[in-house]
Amino acid sequence: MTSQGQSSSFPSDDNNGQSSFRGKLLTIDSKLGNQDVEGLKFLCRDCISHKNLEESSSASDIFDHLLAQELLSEEDPFFLAELLYIIKQKSLLRYLSQSKEQVESLLPTRRRVSLFRNLLYELSEGIGSENLKDMIFLLRDSIPKIQMTSLSFLAYLEKQGLIDEDNLRLLEDLCRRVVPNLMRKIENYKREKASQVVTRPTDQELESLHQREEGPFSHSHIEQLLEALPEAGVYRMDRKHRGHCVVVNNHKFTSLSDRRGTDTDAEHLRHVFEWLGFSVHVYDNVTKGHLDEVLQEYKCHPGHADGDCFVFCVLTHGKFGAVYSSDGTLVPIQEITSHFTAQQCPGLAHKPKLFFIQACQGEEIQPPVFIEADAVNPERVSPSLQDSIPDEADFLLGLATVPGYVSFRHVEKGSWYIQSLCNHLKSLVPRHEDILSILTAVNNDVSQQADRQGTKKQMPQPAFTLRRKLVFPVPQEKLEQ
């Protein structure tokens, strides 16, 4: 039987783990300055009491409160990782076995710091000492004559009820007069807040509300209110740039027939996606080795972090589930799309990734002279199209044709599918149509086209794991026809 003294000399594995974790927290504390501690206290205002925050003089004091409230643990250190990320102490994430990319990929679904508090912190970083003096001067009648930092100034406005997440008038007026460049952060906040998913009450909740005769709203009033709610789930489209659009355009092949008319498709894609705000990169006659290099480049592209979206177009020969490189190598579509999963490409996590494939997906048909097919030695197979995209959210794969069939390309005017896609983007984006509605219109258009004899038809098919509507902002410049 073990004595009490012996027991205290040999702590349990759990205590060892806790001690090790607290040691890491103490190390993080030692590397944070007074300004960092002030930032942590401000960001924790919604989850730690005002009294406890006032009494906290170090980061470790804050960590203690987070541990006590089970907002932080060795098993789940994400909240602290989020805080360190926001205060730009990303190098300290390694003590939590986290990386900047991991935090960025998890923020959309796991964030604890509200959008409003995050906005105020970002604004505080842009309010210099002279700017702060000017703001305090403008509000001198309602601001106490005490020493303030930009964070304590914003905290005071919030505490007095002069600003809140739905009332930014005073803040907008101050920024507009003193620091106009901060207005963009406020506008971004408004858009992101408006795009947050609105949860519709269940039928049971609606019925409960309906039965409360003393309530101010009738059932019909509630239904009208629900109809007026903003559309839920729209992908964010207000970052620094729209994103990159890659076009692989294979015209000539070492062992396959030339694809006449494909340059017309590539030019139209370049024109339209530049109009939509993308940085377009066209690669002609891409070998398998070159394709691997392109995929690796965009998989690791630093520009994804500040982009809204990513587009990858392939114009080539193909058969079901795969496309040909210019040197005749068959490349599975899934091999292309898998480079851009959240794990492989963290910069695109939770952002829409669109892939458009102009290539046959089935048996070749001998067409008239003015039409060619993009199929090469096809096989009669019918696996699921969904197998070509990763089993995770935010992907869209648009194929020129359904499994088992050829797609057609005019030797001068380009392919039916790409030309229809470009035309409908030009006409429907200004009408605020989402991408799936646009692709539905493309399906209808292409399905009605036929060769000169009226015997050859084509039906495009999209597969997607999008979680929200994708609506491109209407470009300011008019696209020349």
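For the chain, an unreviewed UniProt entry supplies the name Caspase 10 and the organism Ursus americanus.

Draft legend 1. Quick peek at helix H3 (residues 34-43). All of the buried residues in H3 are Asp-36, Val-37, Gly-39, Leu-40, Phe-42 and Leu-43. Where H3 is buried, its residues touch helix H5 (59-68), helix H6 (78-86), helix H8 (115-126) and helix H10 (150-159).

Draft legend 2. Region of interest: the pairing of strand S2 (residues 279-284). Alignment of strand S1 (residues 241-249) against S2, held across 6 bridges, turns out to be parallel. Looking at the pairing, Val-247 lines up with Val-282 of S2. With respect to chirality, the unit in which S1 leads through helix H15 (residues 262-275) into the neighbouring parallel S2 is right-handed.

Draft legend 3. Summary view of the pattern of salt bridges. Considering all chains together, one arrives at 23 salt bridges under this definition. Residue Arg-117 pairs with Glu-158 through a salt bridge whose shortest N-O separation is 2.6 Å. Of this pair, Arg-117 sits in helix H8 while Glu-158 sits in helix H10; the two residues are 41 residues apart in sequence, bridging distant segments of the chain. Residue Arg-117 is classed as buried on the basis of its relative accessible area of 1%. Take Glu-158: its relative accessible area is 18%, and that puts it in the buried class. In this structure, Arg-236 and Asp-238 form a salt bridge, with 2.5 Å as the shortest nitrogen-oxygen distance.

Draft legend 4. Molecular detail of the packing of aromatic side chains. Scanning the entire structure with this criterion turns up 12 aromatic pairs. Judged by centre distance (4.7 Å) and plane angle (35 degrees), the rings of Phe-310 and Phe-340 are tilted. Of this pair, Phe-310 sits in strand S3 (residues 307-315) while Phe-340 sits in the loop between helix H17 (333-337) and strand S7 (353-358), and the two are 30 residues apart along the sequence. Ring centres of Phe-310 and Phe-355 lie 6.4 Å apart, and the angle between their planes is 75 degrees; this geometry places the pair in the edge-to-face category. With Phe-310 in strand S3 and Phe-355 in strand S7, this residue pair connects regions lying 45 residues apart in the sequence. Taken together through their ring pairs, the aromatic side chains of Tyr-283, Tyr-298, Phe-310, Phe-312, Phe-340, Phe-355 and Phe-395 make up a single cluster. A cation over a ring is seen here: Arg-112 above Phe-79, with NZ or CZ 5.9 Å from the ring centre.

Draft legend 5. Just unusual backbone geometry, in detail. A positive phi angle is found at Asn-285, which is not glycine, with a value near 50 degrees. Structurally, the position occupied by Asn-285 is in the loop between S2 and helix H16 (288-299). Here Asn-285 falls in the partly exposed class, since its relative accessible area comes to 32%. Positive phi, close to 80 degrees, is recorded for Asp-394, a residue that is not glycine. By the element assignment, Asp-394 lies in the loop between strand S8 (371-373) and strand S9 (395-399).

About the thresholds
Residue numbers here run from 1 along each chain, matching the order of that chain's written sequence. Only residues with pLDDT of at least 70 get local features here, since the model is predicted, and only at 80 or more are side-chain atom pairs given and counted; chain-wide, interface and lining totals rely on the full set of residues. Derived side-chain values reflect all non-hydrogen atoms in the structure, with water molecules and hydrogen atoms excluded from consideration. Here's how the labels work: a residue is buried when its accessible area is under 20% of the maximum for its type, exposed when over 50%, partly exposed in between, all with a 1.4 Å probe on protein chains only. Numbered from the N terminus, helices here are DSSP runs of H or I no shorter than four residues, and strands are runs of E no shorter than two. Residue contacts are counted whenever heavy atoms from the two residues lie within 4.5 Å of one another. Criterion used throughout: strands pair if DSSP finds at least two bridges between them. Handedness of a crossover: with both strands directed away from the viewer, a clockwise path from the first strand across the helix to the second marks it as right-handed. Each salt bridge in this description consists of a side-chain nitrogen of Lys or Arg and a carboxyl oxygen of Asp or Glu lying within 4 Å of one another. Note on aromatic pairs: the rings of Phe, Tyr and Trp (six-membered ring only in Trp) are paired at centre separations within 6.5 Å, and the planes decide the class, stacked below 30 degrees, edge-to-face beyond 60, tilted for the rest. Lysine NZ or arginine CZ positioned within 6 Å of the ring centre and within 35 degrees of the ring normal marks a charge as sitting over the ring.

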